[in-house]
Structures are given as C-alpha cells and as structure tokens.
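Listed below are the residues making up each chain.
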Amino acid sequence: KEQSLDPDTLLVNLKYGDSGSQILRLKRALERLGWLCVPGDMYDKDLVKVVWNYSLANLNRFSWTWLRHFYWYRGAVVDQDLRENINEALKHRK
C-alpha cells in the first residue's frame, strides 16, 4: 500500500504571533495526540502553553533539542525538531 502524507503533517516552522492554516494544522495535530487547544488560528499564549507542555513531555531530555526548547523557545517556537517529533507521533495515531 502506498503511504500518503497525513493531512495534519507539519511542514513549516511556526512561532508565537503566527496565524493561518498552518496554526490550525498544528492545533489539529496536537489534539489528535491528546493535547487540548483553544479554538482559533493564532499562535497565542494558550498555544504556547500547550506546545511547551508537549515539548517537556515528548522531547528527549538528553539532547540539545530539549535544552533549546527548555531554555530558549519555551513553547514559543515549533522548529524542525519538534515538527519531526509531532509528525512521527501522528504516524501512530488515526
């Protein structure tokens, strides 16, 4: 069977203040993974908290990625490493 791209796959980096369809895709992906998000298409303070908590719970604590998210981003950025983590987790969900 040919593998198709999940409709909630994250393809671009996102940051606090962004808005639009990519933010909606991020929220759908997080909700599929069990992380509740406030409705809307803005990367606001509420979404920062969800992304921060997801990062703390799911990134490897013995990596530079975790340190970067813990000390600098603190939920305000979804970079390539976090996107890959979310996309990989989506592969195991329906």
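Residues numbered from 1 in each chain as written. Predicted model: local features only at pLDDT ≥ 70, side-chain atom pairs only at ≥ 80, totals over all residues. Heavy atoms only, no water.

J.: Please set out the overall build of the protein chain residue by residue, giving values where relevant.
T.: The helix and strand tally for the protein chain stands at four helices and two strands. Ordering the α and β elements of the protein chain from the N terminus gives β-α-α-α-β-α. Relative to the 2.2 N^0.38 estimate, which gives 12 Å for 94 residues, the radius of gyration of the protein chain is 13 Å and therefore close to what a compact globule would have. On the principal axes, the C-alpha backbone points of the protein chain span a range of 40 × 30 × 20 Å. (Helix = DSSP H or I, 4+ residues; strand = E, 2+ residues; numbered from the N terminus. Rg over C-alpha atoms; globule rule 2.2 N^0.38 Å.)

J.: Go over helix H4 (residues 80–91), please, and point to the residues and values.
T.: For H4, with 12 residues, the first-to-last C-alpha span of 17 Å sits near the 16 Å given by 1.5 Å per residue. Those residues of H4 that sit buried are Leu82, Arg83, Ile86, Asn87 and Leu90. Considered in projection along H4, the buried side chains sweep an arc of 135 degrees and stay on one side of the axis. At its buried positions, H4 is contacted by helix H1 (21–32), helix H2 (45–58), helix H3 (64–73) and strand S2 (77–78). (Expected span 1.5 Å × (residues − 1). Buried < 20%, exposed > 50% of the residue type's maximum accessible area, 1.4 Å probe, protein only. Arc of directions from axis to C-beta. Contact = heavy atoms within 4.5 Å.)

J.: Could you give me a rundown of the side chain of histidine 69, with the residues and numbers involved?
T.: Looking at the secondary structure, you find histidine 69 in helix H3. With a relative accessible area of 2%, histidine 69 lands in the buried category. Within the structure, histidine 69 has its side chain in polar contact with the side chain of aspartate 79 (distance 3.0 Å). Apart from residues lying up to four places away in sequence, histidine 69 is in contact with Trp52, Ser55, Leu59, Arg74, Val77, Asp79 and Leu82. (Polar contact = N/O pair within 3.5 Å; in protein donor to acceptor, adjacent residues only side chain to side chain.)

J.: For the nonpolar core, give the residues involved together with the corresponding values.
T.: Generally speaking, soluble globular proteins have nonpolar side chains that are buried together. Counting 20 residues, the largest nonpolar core has Leu26, Leu30, Tyr43, Leu47, Val51, Val78 and Ile86 as the members making the most contacts within it. Here this core takes five residues from H2, the largest share from any one element. In contact with isoleucine 86, not counting residues within four places along its chain, are Leu10, Leu26, Ala29, Leu30, Leu33 and Tyr54. (Core = buried A, V, L, I, M, F, W, Y, C linked by side-chain atoms within 4.5 Å.)

J.: Run through the pattern of salt bridges, naming residues and quoting values.
T.: For side chains bearing opposite charge, pairing can occur when the charged atoms are close. Here the structure, examined in full by the defined rule, presents seven salt bridges. For aspartate 8, the salt bridge goes to arginine 28, with nearest N and O atoms at 2.7 Å. Of this pair, aspartate 8 sits in the segment before strand S1 (14–15) while arginine 28 sits in helix H1, placing them 20 residues apart in sequence. Given a relative accessible area of 39%, arginine 28 falls into the partly exposed group. (Salt bridge = Lys/Arg side-chain N within 4 Å of Asp/Glu carboxyl O.)

J.: Quick one: what's the story with the packing of H2 against H3, residue by residue and with numbers?
T.: Close contact between H2 and H3 brings their axes to 10 Å; oriented N to C, the two are set at 145 degrees. Judged by the sense of rotation from one axis to the other, the crossing of H2 with H3 is left-handed. Contacts between H2 and H3 involve Trp52, Ser55 and Leu56 on the former and, on the latter, Trp66, His69 and Phe70. Here the residues of the contact of H2 with H3 sort into four nonpolar, two polar and no charged. (Axes fitted to C-alpha atoms, helices over the stretch in contact; angles between N-to-C directions. Left-handed = near helix turned anticlockwise from the far one by under 90°. Nonpolar A, V, L, I, M, F, W, Y, C, P; charged D, E, K, R; others polar.)

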